[in-house]
Amino acid sequence: MENARILPGFGAGAALLLAAGTASAQAPAPAAKAPPKLIVFMAVDGFPQEQLVKYYDQYGEGGFKRLLDKGAWYGNNHYSHATTYTGVGHATLLTCAHPYKHSVIGNDWLDKATKQRVYSTEDPRHKLLGEDTPKHAGTSPFNIKVTAVGDELIYANGKSKVIAISGKDRSAIGLAGQNGTAYMHSPSTGRFVSSDYYMSEYPAWWNAFYEGKPQNKYFGQKWTLLLPEEAYARSAPDDRPWSTNYKGLGTKFPHSIDGGATEPNKSYYGAMLWTPFGDLLTLDFVRATIEGENLGQNPAGVPDLLAVSWTSHDYVNHLFGPESRQSHDHTLRLDRVLADFFDYLDKRVGLENVLITLSADHGFMNIPEYSSSRRHDAGRIDPEEMIQATNVELSKKFGEGKFITTWWNPTLYIDYDLVDSKGIDRSALENAAQRFLRSYPGVEAVFTRNQMEEGRMPDTKLAKQVTLAWHQQLSGDIVIMNKPNWYLFAKPTAYASTHGSPWSYDTNVPLVMYGPTWVKPGKYGDSEVVDLGRTIAFILNVRPPNGCEGRVLSEALN
């Protein structure tokens, strides 16, 4: 038998040298640099760049400070799309594609044929394993129309394992891609569960892990300040009138995480993820997964990819705002969790064999009332009131009718059947709605379907951000961009603070890479979020995901 010929550019582990009568041997990687044994891709949900560096002096040595001091990090890393929501961000991170390509335009949108809500990772063909499947539960990546880095890694060698873990289904599924495996926290049982899209039954290690109900061990504990109170002077005090008392957590320290229950149950499981104990629960399962799947222990040239999205920070920021001492304290506690995690990886795999990356799905705005207290123009927009006011205005011009039917962030949907039945020109109605909404309190800019389909967008950064976020078949018809510091969400008082805007507090998120073999430490300048997935694919010697638009951050590579 002739020896196989090795072609440069093949994926990690793609080539084998075959000799008659001998066992196969793994070919060296191109450029004689082996890929990592394990890629640990981390996203912190709702983590603006400024929070990563703001508390640097209070970090320990092994967590965030390790990444900042010994890794390559980009201080001006941004999302390029306007819709900075969880589902959108997680679909973007490892596909390195923008929403107009990967098709996740929000956490939810409207199916124009059925007039029903679509959740970004729902798929009625698939069910959760081992428990009831709520309506609109995330069960598969069907709505994500492109590949991710993990898909290309599996395609390259057929042996790598790709696993994603998160407190949210849309986060885990977005990171897992089409061929990886997603585990997401269940508020019903407190377990990290999966669906029959990924497997027919849970592996033995999963069953063994949950025999002892480890999700119950944090019941009865309280969230208190990690440091003395004077250490939080740079953050806003707690118990502010605009903080949200959600799931029985209260608005000031200490926070009880029992959810008002007397024993572990659904109330407790739902509440704990909104506190730092959610990170501890996640780390417990991450360790069990690494050991159960034996991640990072493959033959040379066959990397595994573990993606972890730390969910709790997003929830803390929603309830208390990123300026709060709760958010401050949670960041410090997450730093300690990551230090423990990295020490564990060092003992299990060896950090010299691991590439660690850090980013986020979006940033966060300050609470509008807090911004107002600092003399900024700020407020809250109620989308339902905005729809009602717009319909009143349109009815004056076009006759009585509910022309705007619904709102899904950040777009309004027009009833074109009604418009056509009345013989109204579609563009005339869209333009009338646009003129009215441009002067609506808190609105910065308005764009119409006709305007975007015909390519008549202004030559501004904001218009480009909207264009990258808008999908012709799926998106709504009137796109609303709120002014800076204005809260725009489905229910204006549901949370104290939110995200979803094109402004830098929502788009500027961390991009950090750590791995001395592959990464050149230092602080770097400009990058886009889509560059991270492209760079990981480059390090792995696999082809870019098929919708990828990022560049290789070659200046930060050895």
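Up top is the structure these notes are about.
No experiment lies behind these values; they were computed from the predicted model shown.

Trainee: For helix α15 (residues 426-437), give the residues involved together with the corresponding values.
Mentor: Taking 1.5 Å per residue, 12 residues should reach 16 Å; α15 reaches 17 Å between its end C-alpha atoms and fits that length. Those residues of α15 not exposed but buried are L429, E430, A432, A433, Q434 and L437. Close packing links the buried residues of α15 with α13 (383-398), β16 (411-414), α14 (416-421), β17 (443-448), α16 (449-453) and β18 (478-482).

Trainee: Tell me what's going on with the sheet that holds strand β15 (residues 404-408), and back it up with residues and numbers.
Mentor: Read from one edge of the open sheet, four strands run β15-β16-β18-β17, paired in antiparallel fashion. With one partner strand each, in any of the chains shown, β15 and β17 form the two edges of the open sheet. Geometrically, the sheet is characterised by an average inter-axis angle of 20° between neighbouring strands, direction not taken into account. Two strands pair when backbone bridges link them, and β16 and β18 are joined in this way by two bridges, in the antiparallel orientation. Bridged to T411 within β18 is V479. Sitting on the sheet, α13 is in contact with β15, β16, β17 and β18, with an inclination near 155° to β15. Sitting on the sheet, helix α17 (residues 461-469) is in contact with β17 and β18, with an inclination near 55° to β17.

Trainee: If you had to explain the nonpolar core to someone new, which residues and values would you point to?
Mentor: Core analysis: the largest hydrophobic core is formed by 115 residues, its most contacted members being M42, Y183, L306, W310, F341 and I356. Tallying contributions element by element places helix α11 (residues 325-348) first for this core, with eight residues. The residues contacting I356, other than those within four sequence positions of it, are V40, M42, L67, F342, L345, L351, V512, M513 and Y514. Membership of the second largest hydrophobic core comes to 24 residues, among which are F398, Y416, I424 and A433.

Trainee: Can you explain the state of the cysteines? Please cite residues and give values.
Mentor: In the structure shown here, the tally under the stated rule is one disulfide. The residue that forms a disulfide with C96 is C548, at a sulfur-sulfur distance of 2.3 Å. Residues C96 and C548 are joined through a disulfide that is left-handed, its torsion about the S-S bond being -120°. Of this pair, C96 sits in the loop between α3 (86-93) and α4 (99-102) while C548 sits in the segment after α19 (530-540), and the two are 452 residues apart along the sequence. The buried category is assigned to C96, whose relative accessible area is 0%. Under the relative-accessibility criterion, C548 is labelled buried at 16%.

Trainee: Outline the packing of aromatic side chains, supporting the account with residue identities and numerical values.
Mentor: Taken as a whole and assessed by the stated rule, the structure comprises 27 aromatic pairs. Ring geometry for F489 against Y495: centres 5.9 Å apart, planes inclined by 45°, an arrangement best described as tilted. There is no split in this pair, since F489 and Y495 are both buried. Three or more aromatic residues link up through ring pairs in this structure, and these residues are Y183, F192, Y202, W205, W206, F209, Y210 and F285. One residue, R125, lies across the ring of F142, its end atom 4.6 Å from the ring centre.

Trainee: So, unusual backbone geometry: which residues are in play, and what are the values?
Mentor: Cis geometry marks the peptide bond from F253 to P254; its omega dihedral reads -5°. Within the fold, P254 resides in the loop between β10 (222-223) and β11 (255-256). P410 follows N409 through a cis peptide bond whose omega is -10°. With respect to the helices and strands, P410 occurs in the loop between β15 and β16. Unusually for a residue other than glycine, N294 sits at a positive phi of about 55°. Looking at the secondary structure, you find N294 in the loop between α9 (277-293) and β12 (304-310). Looking at N294, the relative accessible area reads 38%, which means it is partly exposed. A positive phi angle, close to 75°, is found at N485, a residue other than glycine. Its location among the elements puts N485 in the loop between β18 and β19 (486-488).

Trainee: Please provide a residue-by-residue account of the pairing of β16, values included.
Mentor: Across the two faces of β16 the burial is the same, with T411 and Y413 and L412 and I414 all buried. Where β15 lies against β16, four bridges are found, and the strand directions are antiparallel. Its bridge partner lying in β16, W408 is registered against T411. Linkage of β15 to β16, two consecutive antiparallel strands, is achieved through a turn of two residues.

Definitions and cut-offs
Residues numbered from 1 in each chain as written. Predicted model: local features only at pLDDT ≥ 70, side-chain atom pairs only at ≥ 80, totals over all residues. Heavy atoms only, no water. Helix = DSSP H or I, 4+ residues; strand = E, 2+ residues; numbered from the N terminus. Expected span 1.5 Å × (residues − 1). Buried < 20%, exposed > 50% of the residue type's maximum accessible area, 1.4 Å probe, protein only. Contact = heavy atoms within 4.5 Å. Pairing = 2+ DSSP bridges. Axes fitted to C-alpha atoms, helices over the stretch in contact; angles between N-to-C directions. Core = buried A, V, L, I, M, F, W, Y, C linked by side-chain atoms within 4.5 Å. Disulfide = S-S within 2.5 Å. Phe/Tyr/Trp six-rings, centres within 6.5 Å; stacked < 30°, edge-to-face > 60°. Lys NZ or Arg CZ within 6 Å of the ring centre and 35° of its normal.

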